[in-house]
Amino acid sequence: MTATTPSTAALGGERHRVLRAVFGNPVGVAGAVLLVLVLGAALLAPVLAPYDPTEVHFATPYQQPGTVGFWFGTDDLGRDIMSRLLYGTRASLQVGLLAVGLAVLVGAPLGLLAGYWRGLDALISRVADVLLAFPFLIVAVGIAAINGASLAGAAIALGLAKIPTMIRVVRAETMRVKELDYVTAARAMDAGPVRILGGHVLPNVASAVIVQATVIMPIAVIGEAVLSFLGLGIQPPDASLGIMLSDAQQYIFRAPYAAIFPGVAIMLICLAFNLFGDALRDALDPATRRR
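Basis of the calculations
Starting from 1, residues in each chain are numbered consecutively following that chain's sequence as written. A pLDDT threshold of at least 70 governs which residues receive local features in this predicted model, and a stricter bar of 80 or more applies before side-chain atom pairs are shown or counted, although totals over entire chains, interfaces and linings include all residues. Only hydrogens and water are removed before side-chain values are computed, so all heavy atoms of the structure are retained for them. Partly exposed describes any residue whose relative accessible area lies between the buried limit of under 20% and the exposed limit of over 50%, with all areas from a 1.4 Å probe on protein chains only and scaled to the type maximum. In this description a helix means any DSSP run of H or I spanning at least four residues, a strand means any run of E spanning at least two, and both kinds are numbered starting from the N terminus. Here, residues are in contact when the closest pair of their heavy atoms is within 4.5 Å. Under this definition, polar contacts are N or O atom pairs within 3.5 Å; protein pairs additionally need one hydrogen-donor-capable and one acceptor-capable atom, and for neighbouring residues in sequence, both atoms have to be side-chain atoms. Residues belong to a common nonpolar core when they are buried Ala, Val, Leu, Ile, Met, Phe, Trp, Tyr or Cys residues joined through side-chain atoms within 4.5 Å. UniProt positions are given in the numbering used here, feature names are shortened, and annotations may be inferred rather than shown by experiment. Fitted lines through C-alpha atoms serve as axes, helices being fitted only where they are in contact, and the angles separating the N-to-C directions of these axes extend from 0 to 180 degrees. By the definition adopted for this analysis, an angle is roughly parallel if under 35 degrees, roughly antiparallel if over 145, roughly perpendicular if from 65 to 115, and oblique otherwise. What makes a crossing left-handed is the near helix being turned counterclockwise from the far one by less than a right angle; a clockwise turn instead makes it right-handed. Three classes are used: nonpolar for Ala, Val, Leu, Ile, Met, Phe, Trp, Tyr, Cys and Pro, charged for Asp, Glu, Lys and Arg, and polar for all others, with Gly counted as polar. Scored from 0 to 100, pLDDT records how confident the predictor is in each individual residue. Within 6.5 Å between ring centres, the rings of Phe, Tyr and Trp (the latter by its six-membered ring) count as paired, and their orientation is classed by plane angle as stacked under 30 degrees, edge-to-face over 60, tilted in between. Patch membership requires more than 30% relative accessible area and the absence of a salt bridge. Residues of like charge join within 9 Å; the nonpolar side chains Val, Leu, Ile, Met, Phe, Trp and Tyr join within 5 Å. To be clear on the numbers: accessible area is Shrake-Rupley with a 1.4 Å probe, and residue cover counts the displayed protein chains and nothing else. Salt bridges are counted wherever a side-chain nitrogen of Lys or Arg sits within 4 Å of a carboxyl oxygen of Asp or Glu.

Thoughts on helix α10 (residues 241-248)
Because an α-helix packs 3.6 residues into every turn, residues spaced three or four apart end up facing the same way.
Here's step 1: For α10, the tally of buried residues reaches 6 of 8 residues, placing the bulk of the element in the interior.
Here's step 2: Regarding α10, the residues found buried are L241, G242, I243, M244, S246 and A248.
Here's step 3: Residues of α10 that are buried in the fold lie against α4 (81-116), α9 (193-229) and α11 (257-284).
Here's step 4: Between the side-chain oxygen of the N-cap and the backbone nitrogen of G242 there are 3.3 Å, and the N-cap of α10 in question is S240.

Structure below.
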């Protein structure tokens, strides 16, 4: 008796099918292009930014957008808004990636264990419920009280808040996959749990993890902006989209552009991940595969 598992060629063909489905979808293309622009702006911030984001120009506060040398204008301290936007986008993506990484590294293994071993399911599910009982703002306040407000603290708070979601998604997918024929056959051939989880279950659960990561990312970006706005995340004078919004509220009527630009940046980041994530989810949807 031979366990029928997806071959390497089949997995390669599946990857090509997913890529064709994503980039054959106008929503996926728009999301991918926007995502490349956002990531490019963040990675190339030191090259693209005309000034240091913390550099103060006391002689040129409140410069309007379009001013030569300050194309996005300046804030109340004369700091270049374009430079702060680029570095703020970089900080938001750093927090988002760290939060997603924490959620995946902790939540995915726990979800696999809960979905495969019924005996561990109740324990891990209770742990997830406990984590859900603590909103990320409360966790962020606690971390800030212990170690001080920082980028790392914001990422940890947001990552911990999303671990229960990752556990539940991976648990549900694991429970589905472990009942498939080739997993049952592998079990009948006395394959160990580690081999079954690593060789059969995990590759089929990975797509759900990837899609969930694209969902968590924009939530983490917004969460970072909220924490920084409240003084619980990245601290001045470092650039952050949340800090820019917090500073801009003091002179919103004199220089509304100082609040509009970081707000639009947050919207574009979230839109990029949402569009690409929606196209990716549709491409990986089993119902779509059967069409």
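That shown, we press on.
Description of the nonpolar core
Here's step 1: One finds V22, L93, V170, I196, V201, L241 and I269 to be the most contacted residues of the largest nonpolar core, which totals 52 residues.
Here's step 2: Elements with a minimum of two residues in this core: α1 (8-23), α2 (26-43), α4, α7 (151-177), α8 (181-188), α9, α10 and α11.
Here's step 3: When residues in this core are grouped by element, the largest group, 14 residues, is from α11.
Here's step 4: Here V201 is in contact with L112, T174, V177 and I196, once residues within four sequence places are set aside.
Here's step 5: A99, A155, L158 and L232 belong to the second-largest nonpolar core, a separate cluster that totals 12 residues.

Re the UniProt feature "domain: ABC transmembrane type-1" (unreviewed entry) in the protein
Here's step 1: The UniProt feature table records "domain: ABC transmembrane type-1" (unreviewed entry) at residues 89-277.
Here's step 2: The span residues 89-277 carries 83% helix and 0% strand; its end-to-end C-alpha distance comes to 19 Å.

A look at the packing of α2 against α11
Here's step 1: Running from amino to carboxyl end, α2 crosses α11 at an angle of 140 degrees, the nearest separation of the two axes being 7 Å. Taken as axis vectors, α2 and α11 run oblique relative to one another. Regarding α2 and α11, the two cross each other, and that crossing is left-handed. In this structure, α2 uses V27, G28, A30, G31, A32, L34, L35 and V38 to contact α11, whose residues at the interface are L268, I269, L271, A272, F273, L275, F276 and A279.
Here's step 2: Here the residues of the contact of α2 with α11 sort into 14 nonpolar, 2 polar and no charged.

Considerations on the packing of α4 against α11
Helix packing for two helices is described by the angle between their axes and how far apart those axes are.
Here's step 1: One can describe the packing of α4 onto α11 by two numbers: an axis separation of 11 Å at closest approach and a directional angle of 35 degrees. The two elements α4 and α11 cross, and the hand of that crossing is right-handed. Residue-level contacts link I81, L85, T89 and L93 of α4 to Y257, A258, F261, P262, A265, I269 and F273 of α11.
Here's step 2: Each residue belonging to the contact of α4 with α11 can be placed in one class, and the counts come to 10 nonpolar, 1 polar and no charged.

Here we look at the confidence of the model for the protein
Here's step 1: Looking at the protein, pLDDT values average 87 and 92% of them are 70 or higher.
Here's step 2: Mean pLDDT values over the elements of the protein span from 50, in helix α12 (residues 286-289), up to 96, in helix α3 (residues 45-48).
Here's step 3: A low-confidence stretch, residues 1-5 stays under pLDDT 50, and its non-local contacts, those more than four residues away or across chains, total 11 contacts.
Here's step 4: Across residues 287-291 the pLDDT falls below 50, and counting only partners more than four positions away or on other chains, this stretch makes 6 contacts in the model.

Some thoughts on the packing of aromatic side chains
Here's step 1: One pass over the structure, following the stated rule, counts 4 aromatic pairs.
Here's step 2: Both rings, one in Y51 and one in F70, keep their centres 5.1 Å apart while their planes meet at 15 degrees; by these two values the pair is stacked. With Y51 in the loop between α3 and α4 and F70 in the loop between α3 and α4, this residue pair connects regions lying 19 residues apart in the sequence.
Here's step 3: With a relative accessible area of 23%, Y51 lands in the partly exposed category.
Here's step 4: Between F72 and F261, the aromatic rings sit 4.7 Å apart at their centres with planes inclined by 15 degrees, giving stacked as the arrangement. Pair noted here: F72 is in the loop between α3 and α4 and F261 is in helix α11, with a separation of 189 residues, a long-range link.

Describing the environment of R281
Here's step 1: Note that R281 resides in helix α11.
Here's step 2: By relative accessible area, R281 is classed as partly exposed at 42%.
Here's step 3: Distance in space between the C-alpha atoms of R281 and D247 is 37 Å, their sequence separation being 34 residues.

Section: a nonpolar patch on the surface
Here's step 1: Together, L19, F23, V29, V33 and L37 make up a nonpolar patch on the protein surface, roughly 450 Å² of accessible area in all.
Here's step 2: Contributions of two or more residues to the nonpolar patch are made by α1 and α2.
Here's step 3: Ranked by residues supplied to the nonpolar patch, first place goes to α2 with 3 residues.
Here's step 4: Along the polypeptide, L19 turns up in helix α1.

Comments concerning unusual backbone geometry
Here's step 1: With an omega of 10 degrees, the peptide bond between P236 and P237 qualifies as cis.
Here's step 2: Although it is not a glycine, Y62 adopts a positive phi angle of roughly 55 degrees.
Here's step 3: Note that Y62 resides in the loop between α3 and α4.

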